[in-house]
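Listed below are the residues making up each chain.
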Amino acid sequence: MLKKHSYALGLVWLVAIFVLPMPFLYTLSSGLPAIYNRMALPIMLGVIAYVWMLLVIYIGTKPKWLDRLIGLPHAYMLHGILSLAALVLAFFHKEGSPSSGLIKLTGDYAFNLFLGLALYSMIFMAGWLTSRVPFLERLKKRLERLFKHEISVWLHRLNLLATLLIFIHVQLIDYIVAIKPFMLLFWLASVGVVASYLWAKFKPKSEGIRARLVGNHAIAENIRELVIRLPEKAKLQLRSGDYVFISFPHLKGMGEPHPFSLVNSPKTGDPLILAIRGDGDFTRALANIQQPTDVYVDGGFGLYQSVIDDNQAKELMIVGGGIGVVPLLSVVEGNPDLKTQFFYTIKEGSSFIYADKFREWDKRPQFTSHRQVGRFSDAYILEHLPEERENLVVLLGGPISMGRHWQKIFKEAGLRSDQIYFEEFSW
Ligand SMILES: Cc1cc2nc3c(=O)[nH]c(=O)nc-3n(C[C@H](O)[C@H](O)[C@H](O)COP(=O)(O)OP(=O)(O)OC[C@H]3O[C@@H](n4cnc5c(N)ncnc54)[C@H](O)[C@@H]3O)c2cc1C
């Protein structure tokens, strides 16, 4: 990942873990009556857990500024890790500060709800985790037919109910309510996060900009190309290699926004082109959509172009596999002057998409493509590494195992991690 984004990522973690809980802990500890000193630590842990849950809810609204700063995949990882950490702290809070009556009831219900949802989400909603733990990956694949992503999204929203229970839990504790500066912060943060959540869900054009699907046809076995015409005054900020969320709220089962990368590098007035592989319910149902019809588009998201710009890249090495090649096509189209070597691999039995684009680009003196069925050997790709590597940027797209393999190989070959960027198709 790019140096600037690595710093930003470190800073975001620092703010999340230490800075945000600080004022809450300070105001609480200054006002906590001495007779509760014995329980001060567990109470503090509960407060940190609550602050983190609020942050987790805010991150779940997919703030665009956070995407451009650290990328949504990292933001979702932060979202997942913080919620698990909050759960652990909540456990110690519960064990260390016994309560009774409604206070206990609201706390226990919230904890059990968080726990159940966390276990569920670790399997179905945490691509960053399942892609690293083969057992969870297998379990997810096995159960996915039953628990569709849309169901998971709805269940995930119950975390809001659990957070509300904690909010009520705190209002019931009189010695905490008596600490006015703490309660002021507590209310401000809670109302602020709820407001930002409601704004993200219900603001005008919350599902994105209404555009028209004007093309929808198969371009290869199980892959469709969608052509989307944006309204004239659409204010989408799109850059090469970006992805957008699309949804069809008027069609049954197609209302949940799904992320897809751009094939092209759209200038104002150009339609958006997406290439989508039929991997599940939403992506397979695209084949049944008659065009023209309305489609909602939200974006752009993604960091490929930032990595190129911030590194002042003079040369690109691109390794793309399967459907992961899509954003990399957009990158090539948007950066025609950069010297580029493009390594494109597909599995036996599938086909190369957009072969005509490669034929055109191959006519450029500064562009070379290498296409192969089956993976490239490490030696083959490494022998194409240029001598001058200072302004070289390596961009990767494809299955997670492939992306991680090339990240490792390029690092071992001496490239800095900020010169290599892989945007995963999962989070
Ligand atoms: C940044 C990014 C860019 C992508 N670009 C492309 C692309 O250009 N072309 C392409 O074919 N695919 C792309 N994908 C993958 C695509 O989003 C999923 O294949 C699609 O959402 C699966 O939905 P489904 O209902 O058909 O399948 P499901 O059976 O519901 O899910 C299949 C897999 O996709 C995940 N998934 C499902 N819905 C979502 C969602 N709303 N958000 C995130 N993940 C989800 C599930 O967890 C599961 O692992 C991209 C994904 C990401 C994260």
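Residues numbered from 1 in each chain as written. Predicted model: local features only at pLDDT ≥ 70, side-chain atom pairs only at ≥ 80, totals over all residues. Heavy atoms only, no water.

Per the UniProt annotation, the sites labelled "transmembrane region" (unreviewed entry) are residues 7–28, 40–60, 72–93, 109–130, 151–170 and 182–200. Taken end to end, residues 7–28 is 95% helix and 0% strand, and its two terminal C-alpha atoms sit 31 Å from one another. Annotated as 95% helix and 0% strand, the span residues 40–60 places its first and last C-alpha atoms 30 Å apart. (UniProt positions renumbered as here; feature names shortened; annotations may be inferred. Helix = DSSP H or I, 4+ residues; strand = E, 2+ residues; numbered from the N terminus.)

This paragraph deals with the pattern of salt bridges. On inspection of all chains with the given rule, the structure shows 17 salt bridges. Ionic pairing is found between D378 and R375, a salt bridge with its closest N-O pair at 3.0 Å. A salt bridge links K408 to E412, with the shortest nitrogen-to-oxygen separation between them at 3.8 Å. Of this pair, K408 and E412 both sit in helix α18 (residues 400–412), separated by four residues, roughly a single helical turn. Among the residues examined, K408 registers a relative accessible area of 48% and is labelled partly exposed. Beyond isolated ion pairs, a larger network of salt bridges with shared partners links K94, K104 and D108. (Salt bridge = Lys/Arg side-chain N within 4 Å of Asp/Glu carboxyl O. Buried < 20%, exposed > 50% of the residue type's maximum accessible area, 1.4 Å probe, protein only.)

Below, the discussion takes up the site of the ligand. The ligand sits among 23 residues. The nearest are K140, H258, P259, R277 and T283. Take P257: an N or O atom from its main chain is 3.1 Å from a nitrogen atom of the ligand. Calculation on the ligand without its partners gives an accessible area of 870 Å², and the protein chains cover 88% of this total. If you list the elements that add at least two residues to the shell around the ligand, you get β4 (258–261), β5 (272–277) and α13 (281–285). With four residues, β4 is the single largest residue contributor to the shell around the ligand. Of the residues contributing to the shell around the ligand, the split by class is eleven nonpolar, six polar and six charged. Shared between two domains, the shell around the ligand takes at least three residues from each, and those domains are domain 1 (3–202) and domain 2 (209–301). (Near = heavy atom within 4 Å. Polar contact = N/O pair within 3.5 Å; in protein donor to acceptor, adjacent residues only side chain to side chain. Areas by Shrake-Rupley, 256 points an atom, 1.4 Å probe, with all protein chains shown as cover. Nonpolar A, V, L, I, M, F, W, Y, C, P; charged D, E, K, R; others polar. Domains from an automatic or database assignment.)

The next point concerns unusual backbone geometry. In this structure, the amide linkage connecting Q291 to the following residue, P292, adopts the cis form with an omega of 5°. Mapping P292 onto the fold places it in the loop between α13 and β6 (293–301). Here the bond from G299 into G300 is cis, since omega is -10°, no more than 30 degrees from zero. Its location among the elements puts G300 in strand β6.

Along the polypeptide, K339 turns up in strand β8 (residues 339–346). In the structure, K339 is positioned 27 residues away from Q366 in sequence and 4.6 Å away in space, judged by C-alpha atoms. Aside from chain neighbours lying at most four places away, what touches K339 is K314, E315, L316 and Q366. (Contact = heavy atoms within 4.5 Å.)

Running from N to C, helix α2 (residues 21–31) and helix α12 (residues 180–202) point in directions that differ by 150°, and their axes come no closer than 8 Å. Taken together, α2 and α12 sit at an angle that is classed as roughly antiparallel. Both α2 and α12 take part in a crossing whose hand is left-handed. In this structure, α2 uses P23, F24, T27 and L28 to contact α12, whose residues at the interface are P181, F182, L185, F186 and A189. (Axes fitted to C-alpha atoms, helices over the stretch in contact; angles between N-to-C directions. Parallel < 35°, antiparallel > 145°, perpendicular 65-115°, else oblique. Left-handed = near helix turned anticlockwise from the far one by under 90°.)

Under the local residue numbering, the UniProt record ascribes the feature "domain: FAD-binding FR-type" (unreviewed entry) to residues 206–307. When the span residues 206–307 is considered, its composition is 9% helix and 42% strand, and the gap between its end C-alpha atoms is 28 Å.

Over its 13 residues, α18 runs 18 Å from end to end, which matches the ideal 18 Å to within 8%, given 1.5 Å per residue. Considered for burial, the residues of α18 that qualify are I400, M402, G403, W406, I409 and F410. Buried residues along α18 sit against β7 (315–321), β8, α17 (378–382), β10 (392–397) and β11 (420–422). (Expected span 1.5 Å × (residues − 1).)

Annotation of the chain at the domain level lists domain 1 (3–202), domain 2 (209–301) and domain 3 (304–422). If you average the C-alpha positions of domain 2 and of domain 3, the two centres end up 24 Å apart. Taken together, the contacts link 17 residues of domain 2 with 16 residues of domain 3. Taken together, domain 2 and domain 3 are joined by zero salt bridges. The tally of links between domain 2 and domain 3 comes to six residue pairs in polar contact (both at pLDDT 80 or more). Elements that contribute at least two residues to the side of domain 2 that touches domain 3 include exactly β1 (209–220), β2 (223–229) and β5. Top element by residues in the side of domain 2 that touches domain 3 is β5. It accounts for four residues. Grouping the constituent residues of the side of domain 2 that touches domain 3 by class yields eight nonpolar, five polar and four charged.

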